[in-house]
Amino acid sequence: MSSQSDSLPRAELDLVNRAKDGDSGAFGDLVRLHRRGVVNVVYRMCGDAVLAEDAAQEAFVRAWQRIDRYEPRAPFRSWLYRIASNAALDALRRRRETVDIDGLRLASTGAGPEERAESADRENVVRQAVLALPPASRAVLVLREYEQLSYREIADALSIPMGTVMSRLNYARNRLRRALAPYLEQQL
Amino acid sequence: MSEHKADWLGQLLDGEMKGERLAGAEAHLAHCATCRAELDELRRLSVLLQEVPAAEGLASPASFVARVEGRLNGRGRPGFWHRALPVGRWIAPAALAGAWVFLQTLAIAAPLILLAVQAGAGGETLGGLLPVTGESWWAALADLSATGLGDLTVVLDALPRVVVDLGWSLALASLPLVCLALLFGAWLVFWWSRGRLNGFPATAVGDGG
């Protein structure tokens, strides 16, 4: 997966340049293009869909305000995810309360009640384990596991060295392996 | 097995290993059951993480964009100074350093210029402003050298005064630097606090901002 600027689609680069010139319509197109990814990054960071949507909107507002600082050396997506990660943490800080895991919307699996309850329970435990990670490690894990960013892209997105990406990812995975050991054994 | 590859397994899983390292890791895995088990556990962890669904019940794309635009209307594009702030953090120290160089150059060059002007004008234009009058400044420097260095006792007598003068000179010379350092520090604190207030922390999840 390339992370270089030449991989930035020309159409997207054109939208970015127009947005830099103050074209809010072009920025709207960028919002449409990256909405789902940004919302999901924020959601994985904070664990609440409503909070995630609000923080994602805030992230796009910040992106608009700072878009003239964006250098197309790194993918626009990585730049956005960095803002989104920080917006998620700010949103969590503002709320100053424990994430309401029970209030989260769960996917409908089509399974029976018992199986669904068990699945929901497992998802909640996994979600809690991810949320219990330190924010720095959580951000790296989310970008790798859920957004499939390469190490280079994660390093660009978070402005950290590649070695730090690897160490944070190792730390997060080792901690999750310990926390989720019973569920990992069930999968054998 | 002399060495397990536990630290590399994540990179292998993520497809981040290439060339000799990849070949070495695969060769190790071929005969290391421990590392194979670890890699398998990492794969299962990844599967388990994927089971957590993405956010659902979100607003439609059109509604989401409309809400973002609604927020943008209330908080438009930042003004010139706001946008110039990141650049300004470099301009400020550069301007301070430039001012210091200018003042130092002025302090060193001014007496020489005055002396040269006086010598060129025969001492009449700036007469009274300078201690040496009526001769060229080359001659004045030669006289100073002859009296100051020719007599050793005079030099020794003058030594304590020279040391004190030198100390004062150093203190006076370093004072502007200290002031500049304080101003630069204050500027960095100002810049950092502006960044925090704007909700764009420099070190939240990343190390830069």
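Focus: the interface of chain B and chain A
Often the size quoted for an interface is simply the accessible area lost on bringing the parts together. Chain B puts 51 residues into the contact, and the matching count from chain A is 70 residues. Buried surface at the junction of chain B and chain A, both sides included, amounts to about 5600 Å², of which 54% is carbon and sulfur. If you look at where chain B meets chain A, you find seven salt bridges. A salt bridge links Asp14(B) to Arg144(A); the nearest nitrogen and oxygen atoms lie 3.2 Å apart. Viewed at the interface, chain A and chain B are joined by 16 residue pairs in polar contact (both at pLDDT 80 or more). Secondary structure elements with two or more residues in the side of chain B that touches chain A: helix H1 (6–13), helix H3 (33–51), helix H4 (61–74) and helix H5 (80–120) of chain B.

A word on the pattern of salt bridges
Scanning the model with the defined rule gives 16 salt bridges over all chains in all. For the salt bridge of Arg122(A) with Glu51(B), the shortest nitrogen-to-oxygen distance reads 2.8 Å. Taken together, the positions of Arg122(A) in helix H5 (residues 113–131) and Glu51(B) in helix H3 put the pair across two chains. The class of Arg122(A) is buried, set by a relative accessible area of 18%. Its relative accessible area of 28% is what places Glu51(B) among the partly exposed residues. Taken together, the shared-partner salt bridges connect Asp54(A), Glu58(A), Arg62(A), Asp90(A) and Arg71(B) into one network.

Some remarks on the nonpolar core
Residues and elements named next belong to chain A. If you look at the biggest cluster of nonpolar residues, it comprises 71 residues, and the most contacted ones within it are Phe 27, Val 38, Val 42 and Leu 176. Split by domain, this core shows at least three residues from each of two domains, domain 1 (1–99) and domain 2 (111–188). Ignoring anything within four residues of it in the chain, the contact list for Val 38 reads Ala 56, Ala 59, Phe 60, Leu 80, Tyr 81 and Ala 84.

Focus on empty space enclosed by the protein
In the structure shown here, the tally under the stated rule is two cavities of 30 Å³ or more. Volume-wise, the largest cavity comes out at about 70 Å³. If you trace the largest cavity, you find it lined by Tyr43(A), Arg44(A), Gly47(A), Arg127(A), Val130(A), Leu131(A), Tyr146(A) and Val52(B). Those elements that place two or more of their residues in the lining of the largest cavity are helix H2 (24–46) and H5 of chain A.

Some remarks on the confidence of the model for chain A
Residue and element names in this part refer to chain A. When the pLDDT values of chain A are averaged, the result is 82; 84% of them are 70 or greater. Looking across chain A, the model is least confident in H5, with a mean pLDDT of 80, and most confident in helix H8 (residues 162–179), with 94. Segment residues 1–5: pLDDT under 50, and 16 contacts once partners within four positions in sequence are set aside and those in other chains are kept. Under a pLDDT of 50 for its full length, residues 97–110 has, in the predicted model, 28 contacts with residues more than four places off or in other chains.

Focus on the packing of H2(A) against helix H4 (residues 76–95) of chain A
All names here are of chain A. Look at H2 against H4: their axes get within 9 Å of each other, and the N-to-C directions meet at 45 degrees. Taken together, the axis directions place H2 and H4 in an arrangement best described as oblique. Relative to H4, the crossing made by H2 is right-handed. Here Leu 30, His 34, Gly 37, Val 38, Val 41, Val 42, Met 45 and Cys 46 of H2 come into contact with H4, specifically with Phe 76, Arg 77, Leu 80, Tyr 81, Ala 84, Ser 85, Ala 88, Leu 89 and Leu 92.

A look at the environment of Arg144(A)
Residues and elements named next belong to chain A. Along the polypeptide, Arg 144 turns up in helix H6 (residues 135–146). For Arg 144, a relative accessible area of 10% translates into the label buried. Through-space distance from the C-alpha of Arg 144 to that of Val 165 is 9.7 Å; in sequence the pair is 21 residues apart.

Here's the deal with helix H1 (residues 10–20) of chain A
When we look at burial in H1(A), the residues that qualify are Glu12(A), Leu15(A), Val16(A) and Ala19(A). Burial along H1(A) is one-sided: seen end-on, the buried residues are contained in an arc of 100 degrees.

Thresholds, definitions, all that
Going along each chain's sequence as written, the residues are numbered from 1 onward. Think of it this way: whatever chain is written first is A, whatever ligand is written first is 1, and the rest follow in order. Since the coordinates come from a predicted model, pLDDT governs what is reported: local features require at least 70, and pairs of side-chain atoms require 80 or more to be given and counted, while whole-chain, interface and lining totals use all residues. Excluded from the side-chain calculations are hydrogens and water; all other atoms, namely the structure's heavy atoms, are used. Here, residues are in contact when the closest pair of their heavy atoms is within 4.5 Å. Accessible-area loss on putting two parts together, using a 1.4 Å probe and summing over both, is the definition of buried area adopted here. Definition used for salt bridges: Asp or Glu carboxyl oxygen within 4 Å of a side-chain nitrogen of Lys or Arg. Each polar contact in these results corresponds to two N or O atoms within 3.5 Å; when the atoms are within protein, one needs to be able to donate a hydrogen and the other to accept it, and residues that are neighboring in sequence are counted only if both atoms are side-chain atoms. Only DSSP runs of H or I reaching four residues or more are called helices, and only runs of E reaching two or more are called strands; each is numbered from the N terminus. Residue burial is assigned from relative accessible area. The probe radius is 1.4 Å, only protein chains are included, and a residue is buried under 20% of its type maximum, exposed over 50%, and partly exposed in between. Only buried residues count toward a nonpolar core, which is a set of Ala, Val, Leu, Ile, Met, Phe, Trp, Tyr and Cys residues joined through side-chain atoms within 4.5 Å. Just so you know, the domain bounds were taken from an automatic or database domain assignment. Detection works on a 1 Å grid of protein atoms alone, calling trapped sets that fit a 1.4 Å probe cavities and calling open sets with protein on both sides within 12 Å along at least five of seven lines pockets, with lining residues defined by an atom within 4 Å of a point. Grid points are joined across faces, edges and corners, and a volume is the space filled by probe spheres set on the points. In predicted models, pLDDT denotes the confidence assigned by the predictor to each residue on a 0 to 100 scale. Axis definition: a line fit to C-alpha positions, over the contact stretch in the case of helices; interaxial angles, taken between N-to-C directions, run 0 to 180 degrees. Should an angle fall under 35 degrees it is called roughly parallel, over 145 degrees roughly antiparallel, and 65 to 115 degrees roughly perpendicular, with every other angle called oblique. Take the far helix as the reference: if the near one is turned anticlockwise from it by less than a right angle, the crossing is left-handed, and if turned clockwise, right-handed. The arc under discussion is defined with respect to the helix axis, by the directions toward the C-beta atoms.

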